[in-house]
Amino acid sequence: MRKETVYIVFSDYTESLVNFLKSKGYEVFGAERTIEAAKAKIENSAQKPDTFLILSSALVSGMFENEINYGAALIERLKEIRIIAPDSRIVLILPESMGEKVVQAAVYLGIYDIYKKDNVSYQEIITMLATRKTLADHAGVKLPTPEKNTEKEDSEVVIVQPKEQPKKNGFLSSFFKKRFTEEEQADNISSPKQEQD
């Protein structure tokens, strides 16, 4: 059985975590100190890792739309990873102070393995990798609400049904249709036109 591959993006702890996970039998697909570097390496690779293990502070910059916003910058980088490796699982470790909107946005991106911890041991990371979370683990997380829409027509989908195909006639039906058509033609030929005075 093939071992699950892990791509480690863990800031200054990357190298020591790689060594620790390898010693525990994990197959390390790749390792980078920042999410941006991981994205650059993985986007042109034909193969993608099974799992990304990402520490939220593994960012080159907290800039987002010309201002410092670490939460928004993190979500934007995670979105990029999600787009280039849509089938890969992402295990994300956030500080406890990280705002709930970051968790909401991560769940919206399909990232369910989210842990909010100020201190985490390498042994806990093994547990995190071994435990898969689902949307059910985030039942209390409020997702973005669609804009208010009061027009029913705007919220309905029109179903286009296939056109009815002409019914196939059986042998008797086509026989009688042909016979009546021949009789009508014979009547038209045999009945002379009456001239009007």
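How each quantity is defined
Residues numbered from 1 in each chain as written. Predicted model: local features only at pLDDT ≥ 70, side-chain atom pairs only at ≥ 80, totals over all residues. Heavy atoms only, no water. Helix = DSSP H or I, 4+ residues; strand = E, 2+ residues; numbered from the N terminus. Buried < 20%, exposed > 50% of the residue type's maximum accessible area, 1.4 Å probe, protein only. Contact = heavy atoms within 4.5 Å. Areas by Shrake-Rupley, 256 points an atom, 1.4 Å probe, with all protein chains shown as cover. Arc of directions from axis to C-beta.

Points about the overall build of the protein chain
Here comes step 1: Of the regular secondary structure elements, the protein chain holds six helices and seven strands.
Here comes step 2: Mapped from its N terminus to its C terminus, the protein chain presents α and β elements in the order β-α-β-α-β-β-β-α-β-α-β-α-α.
Here comes step 3: Here the protein chain, with 197 residues, has 32% of them falling under the buried criterion.
Here comes step 4: Across the protein chain, every contact between residues at least 6 apart in sequence was considered, and the portion connecting residues at least 24 apart equals 57%.
Here comes step 5: Total accessible area on the protein chain is roughly 14,300 Å²; 51% of this is exposed by carbon and sulfur atoms.

A closer look at helix H1 (residues 14–23)
Here comes step 1: Looking at H1, one finds that the buried residues are Thr14, Leu17, Val18, Phe20 and Leu21. Down the axis of H1, the sector holding all buried residues measures 165°, keeping them to one side. Pointing more than 90 degrees away from the buried face of H1 are the exposed residues Asn19, Lys22 and Ser23.
Here comes step 2: Buried residues in H1 make contact with strand E1 (5–9), strand E2 (27–32), strand E3 (51–55) and helix H5 (122–130).
Here comes step 3: Looking one or two residues beyond H1, the residue adopting positive phi is Gly25, at roughly 95°.

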